[in-house]
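The primary structure of each chain is shown beneath.
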Amino acid sequence: MTASAQRSGPRMGRRLSRGRALLLVAIGLALGLLLASFVVTIGRDPGVLRPVTVDRPAPPLAGRTVEGGRFDLASLSGKLAVVNFWATWCSECRREHPAFVRIAERYRGQPVALVGVVFQDDPEAVRQYMRTMGGEWPNVEDPTSRIAIDYGVYGVPETFLIDGGGVIRAKIIGRIDERTLRAWIDTALAGMARG
């Protein structure tokens with residue numbers, strides 16, 4: 001081995017050690033920032049955050065339904081729309097589904113419409129799910145997630161209450177319970193009755 005090769009050997013080892021040390025420091029800083037972000041947000045319930053979409057006109061919502069028809073939110077003018085973004089693979093969606101079935105029955109014949117928007121799911125799986133779990137409201141396909149993006153959906157489930165004038169009045173991120181949903185609908189219907 002030559003003298004120059006012997007001298008470069010230890011120096012190369014130190015460079016790798018410094019490179020590894022810098023990598024470890026960078027990873028440590030990233031983990032520290034992630035932990036700090038977690039600590040700051042811990043205890044916050046994302047379901048009670050007031051999103052920017054509330055009290056603004058609802059984005060267009062139109063498309064093919066898994067049942068083979070077409071749906072357009074504009075066709076519900078004058079009705080209260082409960083729009084639920086969901087998927088068959090979502091466990092929280094499965095847990096909230098019975099509440100939607102009961103809500104559909106409770107408000108049958110009133111100016112209330114339930115609408116599902118299928119998030120990254122197979123239409124056949126959705127049809128089978130609805131046959132098994134119940135529910136006869138339209139479920140709009142969203143294969144490119146364009147509708148979800150327009151509505152600012154973080155993930156499923158998310159539910160929007162849209163008044164008869166097409167304005168979003170409430171939004172909940174995560175599973176909704178029947179009591180909360182009934183309170184939303186009853187308040188909105190009372191407001192519509194007052195004119």
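Residues numbered from 1 in each chain as written. Predicted model: local features only at pLDDT ≥ 70, side-chain atom pairs only at ≥ 80, totals over all residues. Heavy atoms only, no water.

**Digging into the packing of aromatic side chains**
Then comes step 1: This model, assessed by the stated rule, comprises 4 aromatic pairs.
Then comes step 2: With 4.9 Å between their ring centres and 40 degrees between their planes, W86 and Y129 make a pair best called tilted. Note that W86 is positioned in strand β3 (residues 80–86) and Y129 in helix α3 (residues 123–133), a separation of 43 residues in sequence.
Then comes step 3: Accessibility expressed as a relative area gives 3% for W86, which makes it buried.
Then comes step 4: Residues Y151 and F160 carry aromatic rings whose centres are separated by 5.1 Å and whose planes lie at 75 degrees to one another, so their mutual orientation is edge-to-face. The exposure classification of Y151 matches that of F160, with both residues buried.
Then comes step 5: Three or more aromatic residues joined by ring pairs make a cluster, and in this case those are F85, Y151 and F160. (Phe/Tyr/Trp six-rings, centres within 6.5 Å; stacked < 30°, edge-to-face > 60°. Helix = DSSP H or I, 4+ residues; strand = E, 2+ residues; numbered from the N terminus. Buried < 20%, exposed > 50% of the residue type's maximum accessible area, 1.4 Å probe, protein only.)

**As for the packing of helix α2 (residues 91–106) against α3**
Then comes step 1: Close contact between α2 and α3 brings their axes to 11 Å; oriented N to C, the two are set at 55 degrees. In this view, α2 runs oblique relative to α3, as classed from their interaxial angle. Handedness of the crossing formed by α2 with α3: right-handed. Residue-level inspection shows C93, R94, H97 and V101 of α2 in contact with α3, the latter providing Y129, M130 and M133.
Then comes step 2: Looking at the contact of α2 with α3, its residues break down into 5 nonpolar, 1 polar and 1 charged. (Axes fitted to C-alpha atoms, helices over the stretch in contact; angles between N-to-C directions. Parallel < 35°, antiparallel > 145°, perpendicular 65-115°, else oblique. Left-handed = near helix turned anticlockwise from the far one by under 90°. Contact = heavy atoms within 4.5 Å. Nonpolar A, V, L, I, M, F, W, Y, C, P; charged D, E, K, R; others polar.)

**Side note on the pairing of strand β4 (residues 112–119)**
Then comes step 1: For β4, the tally of buried residues reaches 8 of 8 residues, placing the bulk of the element in the interior.
Then comes step 2: The alternating pattern of β4 places V112, L114, G116 and V118 on one face and A113, V115, V117 and F119 on the opposite face, and all of these are buried.
Then comes step 3: Of the pairings in the sheet, the one linking β3 to β4 comprises 7 bridges and is parallel in character. Within the sheet, the bridge partner assigned to V82 lies in β4 and is L114.
Then comes step 4: For the crossover from β3 across α2 to β4, the handedness is right-handed.
Then comes step 5: Crossover handedness for the path β4 to α3 to strand β5 (residues 139–142): right-handed. (Pairing = 2+ DSSP bridges. Right-handed = clockwise from strand over helix to strand, strands pointing away.)

**Regarding the state of the cysteines**
Two cysteines joined by a covalent bond between their sulfur atoms form a disulfide.
Then comes step 1: One pass over the structure, following the stated rule, counts 1 disulfide.
Then comes step 2: Residue pairing for C90: its cysteine sulfur links by disulfide to C93, the two sulfurs lying 2.5 Å apart. Here C90 and C93 share a disulfide; its torsion about the S-S bond, 80 degrees, makes the bridge right-handed. (Disulfide = S-S within 2.5 Å.)

**So, the side chain of T65**
Then comes step 1: On the secondary structure map, T65 appears in the loop between β1 (62–64) and β2 (70–72).
Then comes step 2: Looking at T65, the relative accessible area reads 4%, which means it is buried.
Then comes step 3: Beyond its immediate chain neighbours, meaning those up to four positions away, T65 contacts R70, F71, P138, N139, V140 and E141.

**Notes on the pairing of strand β6 (residues 158–162)**
Then comes step 1: Taken across its 5 residues, β6 has 5 buried, putting it largely inside the fold.
Then comes step 2: Neither face of β6 is exposed, since E158, F160 and I162 on one face and T159 and L161 on the opposite face are all buried.
Then comes step 3: Summarising the sheet, β6 and strand β7 (residues 168–173) pair through 5 bridges and their orientation is antiparallel. If you follow T159 over to β7, its bridge partner there is I172.
Then comes step 4: Here β6 folds back onto β7 in antiparallel fashion, the turn holding 5 residues, of which G166 has a positive phi close to 85 degrees.

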